Amino acid sequence: MHAIHDSAGLWTLAWRRLRGDRVAMAALAVVAAFLLLLAASASGIVAADWEEEVAVNYAPPAFVAAPAAPAAPGTAIAGGTAPGAPPANEFDPLAGDLRELRATLGQAVAEPAAERAPSLPFGADKWGHDIIKKTIKGGETSVVVGLAAAALAVGLGTLFGAFSGFYGGVVDDFFNWFYSVFTSIPSILMILTVAAVLQQKGVLTIVLILGLTGWTGPYRLIRAEYIKHKAREYVMAADAIGASAWRKMFSHIFPNVSHVALVQVSILVVGFIKAEVILSFLGFGVPVGVVSWGSMLNEAQNELILGKWWQLAAAASAMAVLVTAFSLFADALRDALDPKVK
Amino acid sequence: MAPTLLGVVLLVFVLFNWVGGDPAYILAGKMSDAASIENIRRQLGVDQPWYVQLGIFLKQIATFDFGQSWATGEAVSDIITSRLGPSLTVLVPLTVLETVLGIALALAVAFVRGSLTDRAVMLACTVGMSISILVYIIVFQYWLAYKAGLFPVQGWGAGLLENLRFAALPILIGLAVSLAPTLRLYRSFVLDEVGQDYVRTARAKGLPERRVMWVHVLRNAAIPIITHVMASLPAMLIGAFLLERFFGIPGIGREVILAVERSDFPVIKAITVYVAVATMVFNLLTDLLYQAVDPRVQLK
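No experiment lies behind these values; they were computed from the predicted model shown.

Colleague: What exactly am I supposed to notice about the overall build of chain B here?
Modeller: Counting secondary structure elements, chain B contains 13 helices and 0 strands. For chain B, the N- to C-terminal ordering of α and β elements is α-α-α-α-α-α-α-α-α-α-α-α-α. Taking all 300 residues of chain B together, 30% fall into the buried category. Nonlocal contacts in chain B, meaning residues at least 24 apart in sequence, comprise 68% of its contacts between residues at least 6 apart.

Structure follows, in structure tokens:
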């Protein structure tokens, strides 16, 4: 007679515990919905046309629009060309080129302005972009940065932690020294310092800044796991069959500590999304022309004084919902994968 | 401590001297010629070999003389000393209030652990932590200061009392933002202690629950709480930069942002090194405090 039922592995057990937790499943559903929406926006299915100026400047959301419909779209402020053009300068070396450009662009610019909507489901920003599409597009940037930076940070932390914990001795001393150097500088100061030095904006730069400064937390945990695991019998068995150090570290031990890395990724994503928003808000993050939740909040700050609250509300609530769901899920994941902690 | 400090110095040196590119191009601005760049390089000592430059940097740290700010020409040491006061005006009340409220609420929540109230408070904390600090600042500043006029919108004066009036709203916002994570953390510290044997003993000998919580449990939960408060103090000096920027408070945090915006390397270098030193000193102080709180702890 064969034993039919396999004993459930770590991941099966964790999934069972997770499924029993209703809050965790709801959070997972919200996170999955966000990720699907952002994947759709990244592949251009939705919100690809967010940069089209579809409405009048600061078009209000449809549910508050009814009373005060603005005057003709053409008269709106900052609609494009200023009303009183300066007198022609006969020495202007660019005059000829500009005239040519205006002639070719003339019709193209004038045309869409005529059919701008007076209101949108959730309003429009200064240039008349649809806020809903803009929020989706901004979320794409913020979440991609968060995920990529968390993957980089945990990757580095795992690599350093594996070497440090597995080899011990001088290697361990060196990485510990490196760790204490990085942790003695507050992370936000470290991020700003690196941003000052790099002097260039871009999504890749933010990912590098956050990833290269955020590896310390995962490092400490992974190192402790490797110290614990390297003396276990299965590692000795691997040693006996002549497995190389690299093989022992990453194909024997790593699967047994990978749950720690996964939990760290989910915790760091939350922190990095928040950090990206602050960096972009300050202007050290995404370049001009790329929209993120941070750059939306930056615009919204001035709009609020004018009473245009919808961009702030959209970016803030989208971020709050995603981050709440993500952190609830991260907590549940930690409890499910590491039941001892409870 | 010494090797760590050396490491911080090396890290800052490498960041600014190799990763950062040639500072002469930043200083000379857009309209520069070879002669003026050469001149600036000689003045900064950038044309020297790297070990001479490292020597200059070490001498700057030892003598507290980082030269002048590239942007304003003010001495860097003057900038730091004059920005410290405003930062502390916000941070000292904020830290005291946060710690006291955090401990009181954590004990209260731990008292009813597992109940609906406990879970509701924890959920509220998670939601509160998920809203960006930017949103708190923008909304509070708009409603409480600009619309309702309860606080000054921004500004900074000369006297301490006047400044406390300006600091009131930043402190309130800082409290709203930091209380949720603090409460969650302190609650877990308290819950670690509640299951211990000495708590059962205290209850068994008939002590009221209030005394068990406030005297027996608090004394034992104090160690991780002290670690947390002490470790976060130096970081808070920088961490309040958003509050300082929005409310026009001339503190250290705002200075860092300004320096990053203007590529003012001497200021950033000086602040990074000193904050790292402060972090290490505070870690040492934490160890000394342990001994005062817990007589079992022995420092070797």
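Colleague: Is there a simple way to think about the overall build of chain A in this case?
Modeller: Within chain A, the regular secondary structure consists of 13 helices and 0 strands. Of the regular secondary structure in chain A, the N- to C-terminal order runs α-α-α-α-α-α-α-α-α-α-α-α-α. Taken over 342 residues, chain A has a buried fraction of 38%. Counted over contacts in chain A with a minimum sequence separation of 6, partners at least 24 positions apart contribute 75%.

Colleague: Sorry, what's going on with helix 5 (residues 131-167) of chain A here?
Modeller: Each α-helix turn comprises 3.6 residues. Residues three or four places apart therefore point the same way. Compared with an ideal rise of 1.5 Å per residue, which puts 37 residues at 54 Å, helix 5 of chain A spans 53 Å between its outermost C-alpha atoms and is within 8% of the ideal. When you tally the buried positions in helix 5 of chain A, you get 27 out of 37 residues, the bulk of the element.

Colleague: How should I be thinking about the interface of chain A and chain B in this particular structure?
Modeller: Interface size is commonly expressed as the accessible area that is lost once the parts come together. Facing the 32 residues of chain A at the interface are 33 residues of chain B. Residue assignment for the side of chain A that touches chain B shows that the elements contributing at least two residues are helix 6 (169-183), helix 7 (187-198), helix 11 (245-282), helix 12 (293-305) and helix 13 (310-337) of chain A. When grouped by side-chain class, the residues that make up the side of chain A that touches chain B number 24 nonpolar, 7 polar and 1 charged.

Colleague: What am I meant to see in the nonpolar core here?
Modeller: Burial of nonpolar side chains together is a common tendency in soluble globular proteins. In this structure, Phe 329 of chain A together with Val 256 of chain B are the most contacted members of the largest nonpolar core, which totals 127 residues. With 17 residues, the single largest contributor to this core is helix 13 of chain A. Here Val 256 of chain B is in contact with Leu 189 and Leu 192 of chain A together with Ile 238, Phe 241, Ile 268 and Ile 271 of chain B, once residues within four sequence places are set aside. Ranked by size, the runner-up nonpolar core spans 16 residues in total, among them Ala 110, Cys 125, Met 129 and Tyr 186 of chain B.

Colleague: Teacher, can you tell me more about the environment of Val 265 of chain A here?
Modeller: Residue and element names in this part refer to chain A. By the element assignment, Val 265 lies in helix 11. Put simply, Val 265 and Val 154 are 111 residues apart on the chain and 6.3 Å apart in space, counted from C-alpha to C-alpha. Look past the residues within four positions of Val 265 in its chain and what remains in contact with it is Ala 150, Ala 151 and Val 154.

Colleague: Explain the environment of Ser 36 of chain B to me, please; I cannot follow it from the model alone.
Modeller: Residue and element names in this part refer to chain B. With respect to the helices and strands, the residue Ser 36 is situated in helix 3 (residues 34-44). By C-beta crowding, Ser 36 is classed as partly exposed, having 14 other C-beta atoms within 10 Å. C-alpha of Ser 36 to C-alpha of Leu 169: the two residues are 133 residues apart in sequence and 47 Å apart in space.

Colleague: Just to check I follow, could you spell out the confidence of the model for chain B for this structure?
Modeller: Regions with low pLDDT carry predicted coordinates that are not meant to be interpreted in detail. Of the residues in chain B, 95% have a pLDDT of 70 or more, and the chain-wide mean is 83. Summarising per-element confidence for chain B, the mean pLDDT is lowest in helix 2 (residues 23-28) of chain B (68) and highest in helix 9 (residues 197-204) of chain B (90).

Colleague: What am I meant to see in the packing of helix 5 (residues 76-111) of chain B against helix 8 (residues 160-194) of chain B here?
Modeller: Contact geometry of helix 5 of chain B with helix 8 of chain B gives a least axis separation of 6 Å together with a crossing angle of 35 degrees. Note that helix 5 of chain B runs across helix 8 of chain B; the crossing there is right-handed.

Colleague: Can you walk me through the packing of helix 12 (residues 252-261) of chain B against helix 13 (residues 265-293) of chain B in this structure?
Modeller: How two helices sit against one another is set out by the angle between their axes and by the gap between those axes. Residue and element names in this part refer to chain B. Put simply, helix 12 and helix 13 touch, their axes get as near as 8 Å, and they point 140 degrees apart. In terms of orientation, helix 12 and helix 13 fall into the oblique class. Every pair of crossing elements has a handedness; the one defined by helix 12 and helix 13 is left-handed. For the pair formed by helix 12 and helix 13, the contact residues are Ile 252, Glu 255, Val 256, Ala 259 and Val 260 on the first element and Val 267, Ile 268 and Ile 271 on the second.

Colleague: How should I be thinking about helix 6 (residues 116-130) of chain B in this particular structure?
Modeller: A rise of 1.5 Å per residue sets the reference length of helix 6 of chain B, with its 15 residues, at 21 Å; its end C-alpha atoms lie 21 Å apart and thus fit the reference within 8%. Where helix 6 of chain B is concerned, the buried positions are Cys 125, Met 129 and Ser 130 of chain B. An end-on view of helix 6 of chain B places all buried positions within 135 degrees of arc, on one side of the element. Of the exposed residues in helix 6 of chain B, the ones pointing more than 90 degrees away from its buried face are Leu 116, Ala 120 and Ala 124 of chain B. Structurally, helix 6 of chain B contributes buried residues whose contacts are with helix 13 of chain A together with helix 8 of chain B.

Colleague: Help me out: how do you make sense of the confidence of the model for chain A in this one?
Modeller: Residues at a pLDDT of 70 or more form 84% of chain A, whose mean pLDDT is 80. Scored below 50 in pLDDT, residues 67-84 of chain A shows 17 contacts in the model against residues more than four places distant or in partner chains.

Calculation rules
- Residues numbered from 1 in each chain as written.
- Chains lettered and ligands numbered in written order.
- Predicted model: local features only at pLDDT ≥ 70, side-chain atom pairs only at ≥ 80, totals over all residues.
- Helix = DSSP H or I, 4+ residues; strand = E, 2+ residues; numbered from the N terminus.
- Buried ≥ 20, exposed ≤ 12 C-beta atoms within 10 Å, placed from the backbone.
- Contact = placed C-beta atoms within 7 Å.
- Expected span 1.5 Å × (residues − 1).
- Nonpolar A, V, L, I, M, F, W, Y, C, P; charged D, E, K, R; others polar.
- Core = buried A, V, L, I, M, F, W, Y, C linked by C-beta atoms within 7 Å.
- pLDDT = per-residue confidence, 0-100.
- Axes fitted to C-alpha atoms, helices over the stretch in contact; angles between N-to-C directions.
- Left-handed = near helix turned anticlockwise from the far one by under 90°.
- Parallel < 35°, antiparallel > 145°, perpendicular 65-115°, else oblique.
- Arc of directions from axis to C-beta.

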